[in-house]
Structures are given as C-alpha cells and as structure tokens.
Amino acid sequence: METTIPCWHCAGDVSPRALFCHGCGSIQPPGEVDPFTRLGVAATFELDAATIERQSAGFARILAPARFQEKGARAMELAAAQRAAREKAAITLRDPASRARALLELSDAAPPGAVNGGSWELTVAAAPDSATRARAVKQIKDEMAGELRLLLDAFRLGDHALAATRLGRVEAMAMAVEDRKSVV
C-alpha cells in the first residue's frame, strides 16, 4: 500500500506522485519521488530520448502557466514547482550517467560519487600543451563511451554491483574532462 500525504487544500489523502488531488482537484506540491516516477516512464537504463521528451512535453502542457492564472497565487506557485521538478527529472534521465545513478539509488546499490577525476585527471593535467590536452580529453571521452556501453551491459545482466563499478569510472572520467574544459 502506497503512503499518502494530505492535500494542502482539502487535507484529503493524495499520492506523492499525484499532480492533482482526487478529492478537490487542486494542484499539489511535488512529492518525494524518483525521476522515473516523476516523468511516468519505466525505471530502466534503456530509455530513449523521444520517450523522455514526449513525457516532458505532455507535462509542460498540463502545467502551463496559463492554465493556473485564474486559480490563485498558491496554484501558480505549485505549478511552477511541479514544472521545475519535472524539468530536473528530465535532465537527470537525459544523461546516461545520471540515469544510471538514479537506477542504482532505487536499488540501494549506488556507489559514492566521484571526488576527483582519478588517473584520467592526471593524464589531462600532465599534458604539456593544449594539443596534447585535447587529444587526452578525446581519448578519455572515447573511453567513457566504451564504459557507458559496458554499463548498459551490466544493467542488461541485472548486475548492480558491476553497474556501480562502471558508473564510478564514468563519473570520474566525466569529472576529469569537465575540470579541464576551461583549460583546454
């Protein structure tokens, strides 16, 4: 049985996933749910961009500011909060590494976040000139693409420990490349 929260307007029971109260029809504040639930998509690593965009567009129409103009300041505020929460969920799901982290968090298997770019960061930092740095960054990005394919395989196998290891590597590589964008 799903837990419920009280509607801010009528105090009726509302699912944390609900946009509107089933009793009074008032828009609700965004509940504490994962990004998959928030956008109404399957919790899987293999989400295509079209699905994410279709769901985002549908919620954008439902939550359009014009629909809430006559419903008062509180409804406008809650609609804006719902739009922001759904956009944050879409951003998370568009990025494969963020999507993998969200999946692993659902199964309590997420690794700790990367604190640095590891040996990849050192490779970029040790490059003597901008051309060498650019080659190093390209090589890291190519290796990251390979790790993402292996991450997909880990999810297909249902091996969350392996997926967590792969995700840790991807996040460290991304950090190494990101830290050097301003240098390159």
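Preceding block: the structure.
This text gives an overview of the structure that appears in the document. Counting restarts for each chain: residues are numbered from 1 in the order of the written sequence. Owing to the predicted nature of the model, reporting of local features is limited to residues with pLDDT of at least 70; listing and counting of side-chain atom pairs is limited to 80 or more, with chain, interface and lining totals taken over all residues. To obtain the side-chain values, all non-hydrogen atoms of the structure were used and water was disregarded.

Here we take up unusual backbone geometry. Of note, Ala11 is a non-glycine position whose phi angle comes to about 70°, a positive value. With respect to the element layout, Ala11 can be found in the loop between β1 (5-6) and β2 (13-14). Note on classification: 1.4 Å probe, protein chains only; a residue is buried when its accessible area is under 20% of the maximum for its type, exposed when over 50%, partly exposed between these limits. Looking at Ala11, the relative accessible area reads 54%, which means it is exposed. Of note in this structure, Asp108 is not a glycine but carries a positive phi near 55°. For Asp108, the position within the fold is in the loop between α4 (96-106) and α5 (118-125). Secondary structure elements are taken from DSSP: a helix is a run of H or I of four residues or more, a strand is a run of E of two residues or more, and numbering for both begins at the N terminus.

Time to look at the packing of α5 against helix α6 (residues 130-157). Direction vectors running N to C along α5 and α6 enclose 160°, while the axes themselves pass 8 Å from each other. Of the possible angle classes, the one that applies to α5 and α6 is roughly antiparallel. Residues Trp120, Thr123 and Val124 of α5 lie in contact with α6, whose contacting residues are Arg133, Ala136, Val137, Ile140 and Glu143. Amino acids outside the nonpolar list (Ala, Val, Leu, Ile, Met, Phe, Trp, Tyr, Cys, Pro) and the charged list (Asp, Glu, Lys, Arg) are all regarded as polar, and Gly is one of them. Looking at the contact of α5 with α6 residue by residue, the class counts come to five nonpolar, one polar and two charged. Interaxial angle, 0 to 180 degrees, is taken between N-to-C directions of lines fitted to C-alpha atoms, where a helix line uses only the stretch in contact. Any angle from 65 to 115 degrees is called roughly perpendicular, while one under 35 is roughly parallel, one over 145 is roughly antiparallel, and all others are oblique. Contact definition: two residues touch when any of their heavy atoms are within 4.5 Å.

Okay, the packing of aromatic side chains next. Think of it this way: a Phe, Tyr or Trp ring, Trp meaning its six-membered ring, pairs with another when their centres are within 6.5 Å, and the plane angle makes it stacked under 30 degrees, edge-to-face over 60, tilted otherwise. Tallied over the entire structure, the rule returns two aromatic pairs. Ring centres of Phe20 and Phe68 lie 6.4 Å apart, and the angle between their planes is 10°; on these two criteria the pair is classed as stacked. A residue pair is termed long-range when its members are at least 10 positions apart, and Phe20 in the loop between β2 and α1 (35-39) and Phe68 in the loop between α2 (49-62) and α3 (73-94) qualify at 48 residues. Looking at Phe20, the relative accessible area reads 29%, which means it is partly exposed. Considering the side-chain rings of Phe45 and Phe155, the 5.1 Å spacing of their centres and the 20° angle between planes classify their relative orientation as stacked. A residue pair is termed long-range when its members are at least 10 positions apart, and Phe45 in the loop between α1 and α2 and Phe155 in helix α6 qualify at 110 residues.

Right, let's get into the environment of Ser98. As for its placement among the helices and strands, Ser98 is situated in helix α4. Using a relative accessible area of 29% as the deciding quantity, one classes Ser98 as partly exposed. Considering only alpha carbons, one finds Ser98 and Phe45, 53 residues apart in sequence, at a separation of 10.0 Å. A distance of 2.8 Å separates polar atoms of two side chains, one belonging to Ser98 and the other to Asp95. Definition of a polar contact: a pair of N or O atoms within 3.5 Å, with one able to donate and the other able to accept a hydrogen when the atoms are protein atoms, and with sequence-neighbouring residues admitted only if both atoms are side-chain atoms.

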